[in-house]
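Close look at the chain arrangement
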Amino acid sequence: MEASGDFCVATDAKGKRHTISINLGTIHQQLHPKKFFKINRSEIISIDYIDNIESHFKNRLLLKMVGVKDKVMTSTSSTSEFRKWLEK
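Summary of the structure given here. (Residues numbered from 1 in each chain as written. Predicted model: local features only at pLDDT ≥ 70, side-chain atom pairs only at ≥ 80, totals over all residues. Heavy atoms only, no water.)

Looking now at the overall build of the protein chain. Secondary structure summary: the protein chain contains two helices and eight strands in total. Moving toward the C terminus, one meets the helices and strands of the protein chain in the order β-β-β-α-β-β-β-β-β-α. Relative to the globule expectation of 12 Å for 88 residues, the C-alpha radius of gyration of the protein chain, 12 Å, shows essentially globular dimensions. Projected onto the principal axes, the alpha-carbon positions of the protein chain cover approximately 35 × 25 × 25 Å. Buried positions account for 27% of the 88 residues belonging to the protein chain. Counted over contacts in the protein chain with a minimum sequence separation of 6, partners at least 24 positions apart contribute 32%. (Helix = DSSP H or I, 4+ residues; strand = E, 2+ residues; numbered from the N terminus. Rg over C-alpha atoms; globule rule 2.2 N^0.38 Å. Buried < 20%, exposed > 50% of the residue type's maximum accessible area, 1.4 Å probe, protein only. Contact = heavy atoms within 4.5 Å.)

Counted by the stated rule, this structure contains four salt bridges. Of the charged contacts in the structure, one is a salt bridge between E54 and K71, with a shortest N-O distance of 2.5 Å. Residue E54 is located in strand β6 (residues 50–56), and its partner K71 is located in the loop between β7 (60–65) and β8 (72–73); the two are separated by 17 residues in the primary sequence. (Salt bridge = Lys/Arg side-chain N within 4 Å of Asp/Glu carboxyl O.)

What the rule picks out here adds up to three aromatic pairs. Taking the centre distance of 5.2 Å and the plane angle of 40° together, the rings of F37 and W85 count as tilted. Pair noted here: F37 is in strand β4 (residues 36–40) and W85 is in helix α2 (residues 79–87), with a separation of 48 residues, a long-range link. Residues F82 and W85 carry aromatic rings whose centres are separated by 5.6 Å and whose planes lie at 35° to one another, so their mutual orientation is tilted. On the criterion of helical spacing, the pair formed by F82 and W85 is a turn pair, its members being three residues apart in helix α2. Neither residue differs from the other here; F82 and W85 are each classed as buried. The structure contains a cluster of three or more aromatic residues connected by ring pairs, namely F37, F82 and W85. (Phe/Tyr/Trp six-rings, centres within 6.5 Å; stacked < 30°, edge-to-face > 60°.)

The complete set of buried residues in α2 reads T79, F82 and W85. Along the long axis of α2, the arc covered by the buried residues comes to 115°, so they all point the same way. Buried-residue contacts for α2 involve β4, β5 (43–46), β6 and β7. (Arc of directions from axis to C-beta.)

The subject of this paragraph is the pairing of strand β3 (residues 17–20). Pairing between strand β2 (residues 7–11) and β3: four bridges, direction antiparallel. Looking at β3, one finds that V9 is bridged to T19. Two successive antiparallel strands, β2 and β3, enclose a turn made up of five residues, where G15 displays a positive phi of approximately 90°. (Pairing = 2+ DSSP bridges.)

What follows is the structure in structure tokens.
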């Protein structure tokens with residue numbers, strides 16, 4: 001799920017994009033913290049749809065998500081917490 005102004009765009013496992021007229025912060029507060037993680041300022045991912053994780057420079061990770069063509073990246077500040085979240 002990625003932020004796009006005052007709304008969000010969620011991508012399902014088949015790659016179909018869905019517009020949600022709620023901002024990312026509000027959605028993040030409503031999601032189950034064991035299933036969803038805010039990897040940077042504009043993207044939330046689901047643990048169930050992580051296909052692959054690659055190390056990247058400056059303590060970042062590149063994530064390949066099921067149904068999403070482009071990889072997404074953790075922010076430098078969220079990578080440590082993201083690694084801990086994965087271990088839970």
